[in-house]
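# Tertiary structure, described
Listed below, chain by chain, are the residues.
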Amino acid sequence: SISIVACVGVSVPRRATRVTRTWRTRVDVGGCRRVSSSPAKARGERLALRAAGGGVDEDENLKRFLRRKGVPIPPSQPGSIAERAAKSTPSAEASSRGDDDIAELRFFDLDTVRERWEVPWGGWRVFFGLSGWTASFVLTAGVVAPVLLALNGVDPRTFDPSQKTEYLLAIQAAETAITFGVLWLLLRGYRDDMDAAGDWFVVDPSRDAFGVDKGWLRWALYGYVAVFASIAAVAVAFNVGEFAWEHARNHIHGTTTTLNTVNTTLNTLNTSTEAVDATHRALGESVSGGGDAGEFGELIDGAGGATTGDARDRVLAQNAARRSADGPGTIDAVLPLIGGGDDQGTRLLSLLAVTSVFAPALEEVVFRGFLMASLTRWLPTPGAVVFSSVVFAGAHLSARDFPKLVCLGMVLGFSYARTRNLLTPMTIHAMWNSGVLVIIAGLMATGQDIPGL
């Protein structure tokens, strides 16, 4: 079928079959719709619209369709009805771009992120890609770099904080380059397929940055705010759950303690009664027979009850044990490198390059650009976002930060699914890491105890 645009809000679809041809024209006049099925009437209506200057060439919509399919169609002749109508009437795309209404953003509309990638490779290619990233991460930092340093008589364990930050920067840059090389070798045979799809590994700052629908910078700013909200919500949920669990456990423990206290009190009362009787006897003997008064003091001292420990110290000890069991967080590894000193600024810049340039570029290409997009071959896009976020959180090897990292990964994944531009999750990731690092450095400069805080 061919849809012929007669004017704004007026369409004339033509349907042809082998035997008969049916014409149908829809014309909006003053808000009323008039439908005519007669070819003569339809032709008359089109001529009337053209005479009024509101119609377009009936081939224009077909030309647009063919242009979208890549067929070279010359532009319309200057001064044609179609060109005048196009100039006088704003397009729907321009109208949607200029509309900044909150409803147009469709924050919670999953239809904006359901579109899947056209994945030309299978599961083994995905497995080898992740394995290559893991190998580059482990071998570079754990084998290649230490061996090269040892051959030159250098022990990285003896580095001072400045040397450690430089070493960390060099390792991160090497891992990033090696991982990109591995992915290029794995996927170079699919280059034509990826170019035809047009949405694989796109890092394009020239795309519309502030567009309502797919503006990469606009949605990076929205995502940065969403990271705070989502992580705060998860932290509150976990804290409330932990408090409820502790309250229930303490209630059970308190019931047991109460029973023990009752038993202890009864024993104390029995002991006190016996002590009183013995005191009376001692007093009687002392008055009548001149007994030793020291026995009275011994009896009084022996009548005291048992004491309980400090509840606050017990709670603090439990909290310390729980923090120790949870293990270190993602920020703990760099805390010793941020400390004071004359070269703190240089160290902070090196750490910012690691955490806000190389790490976002590497992790977003691997976990969003490659893993998440590849998973859409088997999963719906929202499911691929969740799955890749769990893998992303687990790769950081931090049980304490795992729930928050899953939230961060989901924000990064949905923002990428929305814009199809890796600059969006890279920008969110870089802003989050750099913000945390700068805040930590500022707090440490004021003498705050960061692990305790």
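As the structure is a computational prediction, the values presented were derived from the model and not from experiment.

### Description of the environment of Thr 330
Considering the arrangement of structural elements, one finds Thr 330 in the loop between helix H11 (311-326) and helix H12 (335-338). On the accessibility criterion, Thr 330 (37% relative accessible area) is partly exposed. A sequence separation of 67 residues divides Thr 330 from Leu 397, and the C-alpha atoms of the two residues are 8.2 Å apart. Apart from residues lying up to four places away in sequence, Thr 330 is in contact with His 396, Ser 398, Asp 401 and Leu 405.

### Side note on the packing of aromatic side chains
Counted under the stated rule, the structure contains 15 aromatic pairs. With 5.8 Å between their ring centres and 90° between their planes, Trp 124 and Phe 127 make a pair best called edge-to-face. Remark: Phe 127 and Trp 124 occur in helix H6 (residues 123-151); sequence separation between them is three residues, near one turn of the helix. The class for Phe 127 is partly exposed, based on a relative accessible area of 47%.

### Describing the nonpolar core
Within the largest apolar cluster, 42 residues are counted, with the highest numbers of intra-cluster contacts made by Trp 117, Trp 121, Trp 200, Val 227, Met 372 and Leu 408. Aside from chain neighbours lying at most four places away, what touches Trp 200 is Trp 117, Glu 118, Val 119, Pro 120, Trp 121, Met 194, Gly 369, Ala 373 and Ser 374. If you look at the next biggest cluster of nonpolar residues, it comprises nine residues, including Val 334, Ile 338, Leu 437 and Ala 441.

### Observations regarding the layout of surface pockets
Approximately 520 Å³ is the volume found for the second largest pocket. Lining of the second largest pocket is provided by 18 residues; of these, Phe 107, Phe 108, Trp 219, Ala 226 and Phe 414 occupy positions nearest its centre. For the lining of the second largest pocket, the elements supplying multiple residues, two or more each, are helix H9 (216-289) and helix H15 (402-419). Residues that form the lining of the second largest pocket fall into these classes: 12 nonpolar, four polar and two charged.

Rules behind the numbers
- Residues numbered from 1 in each chain as written.
- Predicted model: local features only at pLDDT ≥ 70, side-chain atom pairs only at ≥ 80, totals over all residues.
- Heavy atoms only, no water.
- Helix = DSSP H or I, 4+ residues; strand = E, 2+ residues; numbered from the N terminus.
- Buried < 20%, exposed > 50% of the residue type's maximum accessible area, 1.4 Å probe, protein only.
- Contact = heavy atoms within 4.5 Å.
- Phe/Tyr/Trp six-rings, centres within 6.5 Å; stacked < 30°, edge-to-face > 60°.
- Core = buried A, V, L, I, M, F, W, Y, C linked by side-chain atoms within 4.5 Å.
- 1 Å grid on protein atoms, 1.4 Å probe; cavity = no way out; pocket = protein on both sides within 12 Å on 5 of 7 lines; lining within 4 Å.
- Points joined across faces, edges and corners; volume = space filled by probe spheres on them.
- Nonpolar A, V, L, I, M, F, W, Y, C, P; charged D, E, K, R; others polar.

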